[in-house]
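What follows is the residue order along each chain.
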Amino acid sequence: GLNTGGMGAISPVPFADAEFLQKIEERIVIPTINGLKNDQIEYRGFVFIGLIKVGNDPFVIEYNVRMGDPETEVVLPRIKSDLVALFKAVANEELVDFHFELDTRTAATVMVVAGGYPEEYKKGDTITGFENIEGSIVFHAGTKFENGNVVTNGGRVLAVTSYGNDF
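Residues numbered from 1 in each chain as written. Predicted model: local features only at pLDDT ≥ 70, side-chain atom pairs only at ≥ 80, totals over all residues. Heavy atoms only, no water.

## Comments concerning the pairing of strand β9 (residues 156-164)
For a regular strand, side-chain orientation follows a simple rule: the groups alternate between the two sheet faces. Just so we agree on the cut-off: Here the rule is simple: two strands pair whenever DSSP picks up at least two bridges between them. Counting from the N terminus, the helices are DSSP H or I runs at least four residues long and the strands are E runs at least two residues long.
As judged from the eight bridges shared by strand β4 (residues 106-113) and β9, these two strands associate in the antiparallel manner. By the bridge assignment, A108 is partnered in β9 with S162. Bridge count between strand β6 (residues 136-140) and β9: five bridges; the pairing is antiparallel. For F139, the partnering residue across the bridge sits in β9 and is A159.

## Some remarks on unusual backbone geometry
Note the threshold: The classification of residues rests on relative accessible area computed with a 1.4 Å probe and restricted to protein chains. Under 20% of the type maximum is buried, over 50% is exposed, and intermediate values are partly exposed.
Cis geometry is found at the peptide bond from S11 to P12, where omega equals -5 degrees. Among the structural elements, P12 can be located in the loop between β1 (8-11) and α1 (18-38). Residue P118 follows Y117 across a cis peptide bond; omega there is 15 degrees. With respect to the helices and strands, P118 occurs in the loop between β4 and β5 (126-127). Residues other than glycine seldom take positive phi values, yet Q40 does so here, at roughly 55 degrees. The topology assignment puts Q40 in the loop between α1 and β2 (48-54). Residue Q40 is classed as exposed on the basis of its relative accessible area of 71%. The phi dihedral of N147 falls on the positive side, at around 50 degrees, and the residue is not glycine.

## Brief notes about helix α3 (residues 83-91)
Cut-off, in case you're wondering: Under the rule applied, a polar contact is a pair of N or O atoms within 3.5 Å (in protein, one hydrogen donor and one hydrogen acceptor; residues adjacent in sequence only if both atoms are side-chain atoms).
N-capping of α3 is provided by D82, with a side-chain oxygen placed 2.9 Å from the backbone N of V84. Of the residues flanking the end of α3, it is E93, one or two places downstream, whose phi is positive at about 55 degrees.

## Describing the sheet that holds β4
Inclusion rule: Axis lines are fitted through C-alpha atoms, for helices just across the contact stretch, and the angle between N-to-C directions can take any value from 0 to 180 degrees.
What the four strands build is an open sheet, ordered β1-β4-β9-β6; its pairing is antiparallel. On the outer flanks of this sheet lie β1 and β6, each paired with one strand and no other. Taking the axes of each pair of neighbouring strands and ignoring which way they run, one obtains an average angle of 15 degrees across the sheet.

## Some details on the environment of P31
Which entries qualify depends on this criterion: Two residues form a contact once any of their heavy atoms are found within 4.5 Å.
Here P31 is to be found in helix α1. Residue classification places P31 among the partly exposed positions, given a relative accessible area of 41%. Here P31 is in contact with E25 and E26, once residues within four sequence places are set aside.

Below is the structure:
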């Protein structure tokens, strides 16, 4: 189909059991870090590894040096630790001493898109109802403030993240 970017994300990934996570670490994460070291690349920051599960095996489909959308909106809200302190620990090579705390609840993010997306879509539609949102976080992406209203200004308009005890 047409490239839509991410239309939603969940965290944690329910099929990522201990065995699958071990495969990711041994086959992908450790070789990636070792490759950076072997090539003498000093890197501090995000290494986002987009994976696909084929059978019960992980395969890399992309590497990024930033978090993607909507993954960011589902992962960052689960981090209970001070995010600025986390970034400083990475920058100062003190991550080993950092106390990282993650919210144990599940989170789901769903993208709200403009009519017609991912092809030609309309801009300028007024978005209402923000005052009715409870227990969720709304991230603006393709919006702008115009004449006192929030209106659509892109294809992927909002990301809405909610917590739960299970999916």
